Amino acid sequence: TLANHRRGLAGKDYGPLRDGFMAEQVSWIVDFESSFYASEPIMIAGNNGHIGKTTATFGTEKVLGELLSDQYGDAYFAIGTECYESTFLAPDSMTGERRAFSIQNSDEGRLALLLHGLGLSPLYFDVSAAKEDSPLGDYLDEKQPVTSIGESFSEALSENISFYTQSLSPAQTYDAMIFIDTLTPSTMLTVQ
């Protein structure tokens, strides 16, 4: 695949190159849509570890969201996602087979568990506005584990929270967040 080809070429620089390529592509799309269709804004979807305005990814100096934030300033609005528990489809990192995996975020003190306990799901909340409330703002400013699952997964990864989360400050990383208590996998469609 192109990703494996880039990884082989980039070696230890794969992360920064990948996020740099993604930022270039987003900038191209913004310019194209603006020039030919007068379309603004655009929306992109991505992994929490890529779209945030701060970098928590090991070995990556700046992630996609941080690069876009540098380029577009306040016009870049990052929406993070979080859940209490999730079953999702991903290629097994050991076999390559696409299958279902499950995680549950039950560690104390983090936003996912707090929102689960309050029964607030689904919930969209403006992190920027929440920062105005002193106790809540202080809490959101603290680094904590936030779910961030990559391209592939394995049963072994689900056993340790540090393998499927990144430690980051929600207040410094996202402008808003979406919380859904329990996520289920997409239904894969096949063309015959």
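The paragraphs below set out a description of the structure included in this document. If you're wondering where the values come from, they're calculated on a predicted model, not measured in any experiment.

**With respect to the packing of aromatic side chains**
On inspection of all chains with the given rule, the structure shows seven aromatic pairs. Ring centres of W28 and F32 lie 5.1 Å apart, and the angle between their planes is 15 degrees; on these two criteria the pair is classed as stacked. Separated by four residues within a single helix, W28 and F32 lie in helix α2 (residues 14–37), roughly one turn from each other. Between F101 and F153, the aromatic rings sit 5.4 Å apart at their centres with planes inclined by 70 degrees, giving edge-to-face as the arrangement. With F101 in strand β2 (residues 98–104) and F153 in the loop between β4 (144–147) and α8 (155–158), this residue pair connects regions lying 52 residues apart in the sequence. Of the two residues, F101 and F153, neither departs from the other in class, the shared state being buried. Taken together, the ring pairs connect W28, F32, F36 and Y37 into an aromatic cluster.

**Describing the pairing of strand β6 (residues 176–183)**
Sheet analysis places strand β1 (residues 79–91) next to β6, joined by seven bridges and oriented parallel. Pairing of I79 across the sheet is with A176, part of β6. As paired strands, strand β3 (residues 123–126) and β6 are joined by four bridges and run antiparallel to one another. Bridge pairing in β6 places Y124 opposite I178.

**Some points on the sheet that holds β2**
Within the open sheet, the four strands sit side by side as β2-β1-β6-β3. Their pairing is mixed. Looking at the sheet topology across the chains shown, the edges are occupied by β2 and β3. Sheet twist, expressed as the average angle between the axes of neighbouring strands with direction ignored, equals 35 degrees. As judged from the seven bridges shared by β1 and β2, these two strands associate in the antiparallel manner. Note on β2: the bridge partner recorded for P91 is R98.

**What about the packing of α2 against helix α4 (residues 64–72)?**
Contact pair α2 / α4: the axes reach a minimum separation of 8 Å and the direction vectors enclose 45 degrees. Classed by the angle they form, the pair α2 and α4 counts as oblique. Helix-helix and strand crossings are classified by hand; for α2 and α4 the assignment is right-handed. Across from D19, G20, M22, A23, V26, S27 and V30 in α2, the residues of α4 making contact are L64, L67, L68, Q71 and Y72. The class makeup of the residues in the contact of α2 with α4 is eight nonpolar, three polar and one charged.

**Points about a nonpolar patch on the surface**
Judged by side-chain polarity, F77, Y124, I178 and I180 come together as a nonpolar surface patch covering roughly 350 Å² of accessible area. Its place among the elements puts I178 in strand β6.

**Things to note about the nonpolar core**
L68, L111, F125, V127, L140, Y174 and M177 are the most contacted members of the largest nonpolar core, which has 23 residues in total. Secondary structure elements with two or more residues in this core: α2, α4, α5 (111–118), α6 (127–130), α7 (134–141) and β6. The dominant element in this core, judged by the number of residues it contributes, is α5, at four residues. Setting aside its immediate chain neighbours within four residues, L140 contacts L111, F125, V127, A130, S169, P170 and A171. Counting residues in hydrophobic clusters, the runner-up holds seven residues, among them F88, A90, F101 and I103.

Criteria and cut-off values
Residues numbered from 1 in each chain as written. Predicted model: local features only at pLDDT ≥ 70, side-chain atom pairs only at ≥ 80, totals over all residues. Heavy atoms only, no water. Phe/Tyr/Trp six-rings, centres within 6.5 Å; stacked < 30°, edge-to-face > 60°. Helix = DSSP H or I, 4+ residues; strand = E, 2+ residues; numbered from the N terminus. Buried < 20%, exposed > 50% of the residue type's maximum accessible area, 1.4 Å probe, protein only. Pairing = 2+ DSSP bridges. Axes fitted to C-alpha atoms, helices over the stretch in contact; angles between N-to-C directions. Parallel < 35°, antiparallel > 145°, perpendicular 65-115°, else oblique. Left-handed = near helix turned anticlockwise from the far one by under 90°. Contact = heavy atoms within 4.5 Å. Nonpolar A, V, L, I, M, F, W, Y, C, P; charged D, E, K, R; others polar. Patch = residues over 30% accessible without salt bridge, like charges linked within 9 Å, V, L, I, M, F, W, Y side chains within 5 Å. Areas by Shrake-Rupley, 256 points an atom, 1.4 Å probe, with all protein chains shown as cover. Salt bridge = Lys/Arg side-chain N within 4 Å of Asp/Glu carboxyl O. Core = buried A, V, L, I, M, F, W, Y, C linked by side-chain atoms within 4.5 Å.

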